[in-house]
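# Inside the fold
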Amino acid sequence: MDKHDGRDAGTIRLDDPWYDALAVGWGEGEGEETSPPRPAAGPCARPKPRASEIYLEVQRSAAFQEVRGRYRRFVVPATVGFFLWYVAYVVAATAAPGVMARPVAGAVNVAMLAGLGQFLTTFLLTWAYARHARLRRDRAALDLRWTVFEQERDQERTRARGSGR
């Protein structure tokens, strides 16, 4: 984010592509129906290029498919593995209570260790997911976000030039 110099030095420009413009104004104008501005009708009125076309183009791109594939290659096996580990714990507690009640050290038994293992697995999986996202997806996703941001900015400039004539 860049700060303006001069009279409005405290104003911050929010032209970062991670900034969610849709969240601006939530709760403002409660009860007021606002509709998007409609294009001027006339013989030389052109249909505005739509942002949805940009997003569909990005979604079809090889870069987006690669990011999505990387996400799925991590999440699907991790989810299946964790689910199987959880089900194994529940089945063992139900079907083999004698094994789960076997003492390991003092009052600590197999069931307690497996239950603590569930918590440990959750934290390890969260760490692994964050690491995987940081190392394998975040940069590519940010590049895609910048691409969309630049294309939308180009469309706005084209629209501004067309309406300023």
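Residues numbered from 1 in each chain as written. Predicted model: local features only at pLDDT ≥ 70, side-chain atom pairs only at ≥ 80, totals over all residues. Heavy atoms only, no water.

On to a nonpolar patch on the surface, then. Taken together, the side chains of Val76, Val80, Phe83, Leu84, Tyr86, Val87, Val90 and Val91 present a nonpolar region at the surface, about 700 Å² in accessible area. Topologically, Leu84 is positioned in helix H2 (residues 62-95). (Patch = residues over 30% accessible without salt bridge, like charges linked within 9 Å, V, L, I, M, F, W, Y side chains within 5 Å. Areas by Shrake-Rupley, 256 points an atom, 1.4 Å probe, with all protein chains shown as cover. Salt bridge = Lys/Arg side-chain N within 4 Å of Asp/Glu carboxyl O. Helix = DSSP H or I, 4+ residues; strand = E, 2+ residues; numbered from the N terminus.)

Running from N to C, helix H1 (residues 51-60) and helix H4 (residues 110-163) cross one another at 150°; their axes reach a closest spacing of 10 Å. By the criterion of interaxial angle, the relationship of H1 to H4 is roughly antiparallel. The hand of the H1/H4 crossing is right-handed. Across from Ala51, Ile54, Tyr55, Glu57 and Val58 in H1, the residues of H4 making contact are Leu144, Val148, Gln151, Glu152 and Gln155. Its residues assigned to classes, the contact of H1 with H4 shows 6 nonpolar, 2 polar and 2 charged. (Axes fitted to C-alpha atoms, helices over the stretch in contact; angles between N-to-C directions. Parallel < 35°, antiparallel > 145°, perpendicular 65-115°, else oblique. Left-handed = near helix turned anticlockwise from the far one by under 90°. Contact = heavy atoms within 4.5 Å. Nonpolar A, V, L, I, M, F, W, Y, C, P; charged D, E, K, R; others polar.)

Across all of its chains, the model carries 4 salt bridges by this definition. In this structure, Arg70 engages Glu66 in a salt bridge whose closest nitrogen and oxygen atoms are separated by 3.1 Å. With a gap of 4 residues between them, Arg70 and Glu66 both fall in helix H2, about one helical turn apart. The exposure class of Arg70 is partly exposed, given its relative accessible area of 28%. In this structure Glu66 comes out as partly exposed when scored by relative accessible area, which is 35%. Its salt-bridge partner being Glu66, residue Arg73 comes within 3.3 Å of it at the nearest N-O pair. Through salt bridges with shared partners, one network takes in Glu66, Arg70 and Arg73. (Buried < 20%, exposed > 50% of the residue type's maximum accessible area, 1.4 Å probe, protein only.)

Everything listed is a geometric property; what it means functionally is a separate question.
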